[in-house]
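Structure at a glance
The residues making up each chain are set out below.
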Amino acid sequence: MDTTEPEPLTVPGPAPLPRDVAALCERIGRLARDGPHEVACDVSALTRPGLGVVDAVARLALAARRAGIRLRLTGAGPSLRALLALVGLAELLGEPEEREPPGGVQEGVEPDDLPV
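Residues numbered from 1 in each chain as written. Predicted model: local features only at pLDDT ≥ 70, side-chain atom pairs only at ≥ 80, totals over all residues. Heavy atoms only, no water.

Topic: the pattern of salt bridges
Overall, the coordinates contain three salt bridges when judged by the stated rule. When the shortest N-O distance is used, the salt bridge between R70 and E38 registers 2.8 Å. Pair noted here: R70 is in strand β3 (residues 70-74) and E38 is in strand β2 (residues 38-42), with a separation of 32 residues, a long-range link. Note that D55 and R59 form a salt bridge whose closest N and O atoms lie 2.9 Å from each other. One end of the pair is D55 and the other is R59, both in helix α2 (residues 51-67) and four residues apart, which spans about a single turn. Owing to a relative accessible area of 38%, D55 belongs among the partly exposed residues under this scheme. Owing to a relative accessible area of 47%, R59 belongs among the partly exposed residues under this scheme. Overlapping salt bridges, with partners in common, bring together E38, R70 and R72 in one network. (Salt bridge = Lys/Arg side-chain N within 4 Å of Asp/Glu carboxyl O. Helix = DSSP H or I, 4+ residues; strand = E, 2+ residues; numbered from the N terminus. Buried < 20%, exposed > 50% of the residue type's maximum accessible area, 1.4 Å probe, protein only.)

Regarding helix α1 (residues 18-34)
The end-to-end C-alpha separation of α1 is 25 Å, in line with the 24 Å expected for 17 residues at 1.5 Å each. Residues of α1 that are buried: V21, L24, I28 and L31. For α1, the angular spread of the buried residues around the axis is 80°, confining them to a single face. Among the exposed residues of α1, those pointing more than 90 degrees away from its buried face are P18, R19, E26 and R33. Looking at the residues trailing α1, positive phi occurs at G35, about 110°. (Expected span 1.5 Å × (residues − 1). Arc of directions from axis to C-beta.)

Some details on the nonpolar core
Most often, soluble globular proteins keep nonpolar side chains buried together rather than apart. Residues C41, V43, L71 and L73 are the most contacted members of the largest nonpolar core, which totals 26 residues. Counting only elements with at least two residues in this core, the list comes to α1, β2, α2, β3 and α3 (78-86). The biggest single contributor to this core is α2, with seven residues. With near-sequence residues (within four places) excluded, L71 lies in contact with V39, C41, L60, A61, A64 and L92. (Core = buried A, V, L, I, M, F, W, Y, C linked by side-chain atoms within 4.5 Å. Contact = heavy atoms within 4.5 Å.)

Written out as structure tokens, the structure is:
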């Protein structure tokens with residue numbers, strides 16, 4: 001089991017420029033060649049969540065997927081969290097979605113439960 005810390009990456013805010021996103025995507029590719037399995041991406045500076053931020057996060061996630069590594073966002077504020085949940089990118093926050101149990105958790109079965 002790999003116990004090393006994820007490689008850190010910081011997205012500039014309040015909203016990243018296209019050239020910033022391109023540079024971060026390139027860095028993700030370089031990091032993948034060096035061997036980390038996960039990149040922790042600090043998004044705390046993204047204080048103006050909107051379509052540009054969603055585009056940036058989606059591009060970073062795609063770059064990580066193509067490189068074969070996991071992207072995990074850290075430092076997301078409530079507005080960014082809500083926006084990422086709305087567009088289906090909440091899994092990047094590393095938290096289970098609402099109404100879904102965390103991985104590895106099994107529901108209990110009561111003796112009087114009917115079979116499904």
